[in-house]
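# What the coordinates show
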Amino acid sequence: MQKTTFDPWAWGKNTNSVQAVEVKQPEGTLYCSGQAAIDANGVPSSADMRSQLIQAIANLEQLVKESGYECKNMVRLNIYTTDTNGFFNTCMDVYVPFLMKYGIQQATTLLEVKGLFATLTIELEATVVK
């Protein structure tokens, strides 16, 4: 796989993402459903958003690994949250280190939504390549 990132504007360096990712000659592509703070028994969390993000990241990492892929090859990561201000104010100290841990440079979209399943406040949707 050959991966090239594009970020033509200087302000992009401050977004923890890139504007585009080109992938050539991939061996496979993994499209992950939204991962949220749901435990192994299917019970959604009612914890605060920061705690939910920690669990959602752990679930995403497990899914990617058990599917035979690597988080470092994540090319798209969409974030759905019920409160974008809450995300920026309480979750960046979890989110940014996750990206840095794997050297992820992904195209991303952050969306505030009216609601998610049950008591969930955040969900991560990823695309990973080999």
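Just so it is clear, the model here is predicted, and its values are computed rather than measured.

## Quick look at unusual backbone geometry
A positive phi angle is found at Q25, which is not glycine, with a value near 55 degrees. Residue position: Q25 is located in the loop between β2 (20-24) and β3 (29-31). In this structure Q25 comes out as exposed when scored by relative accessible area, which is 60%.

## Brief notes about the nonpolar core
Counting residues in each nonpolar core, the largest one holds 25 residues, and the members touching the most others are L53, L60, M74 and L77. Of all the secondary structure elements, the ones that give two or more residues to this core are α1 (49-66), β5 (74-81), α3 (92-102) and β7 (122-129). At six residues, the largest contribution of residues to this core is made by α1. Dropping the residues within four chain positions of it, L77 is found in contact with L60, Y95, F98, L99, Q106, A107, T108, T109, L124, E125 and A126.

Conventions used here
- Residues numbered from 1 in each chain as written.
- Predicted model: local features only at pLDDT ≥ 70, side-chain atom pairs only at ≥ 80, totals over all residues.
- Heavy atoms only, no water.
- Helix = DSSP H or I, 4+ residues; strand = E, 2+ residues; numbered from the N terminus.
- Buried < 20%, exposed > 50% of the residue type's maximum accessible area, 1.4 Å probe, protein only.
- Core = buried A, V, L, I, M, F, W, Y, C linked by side-chain atoms within 4.5 Å.
- Contact = heavy atoms within 4.5 Å.

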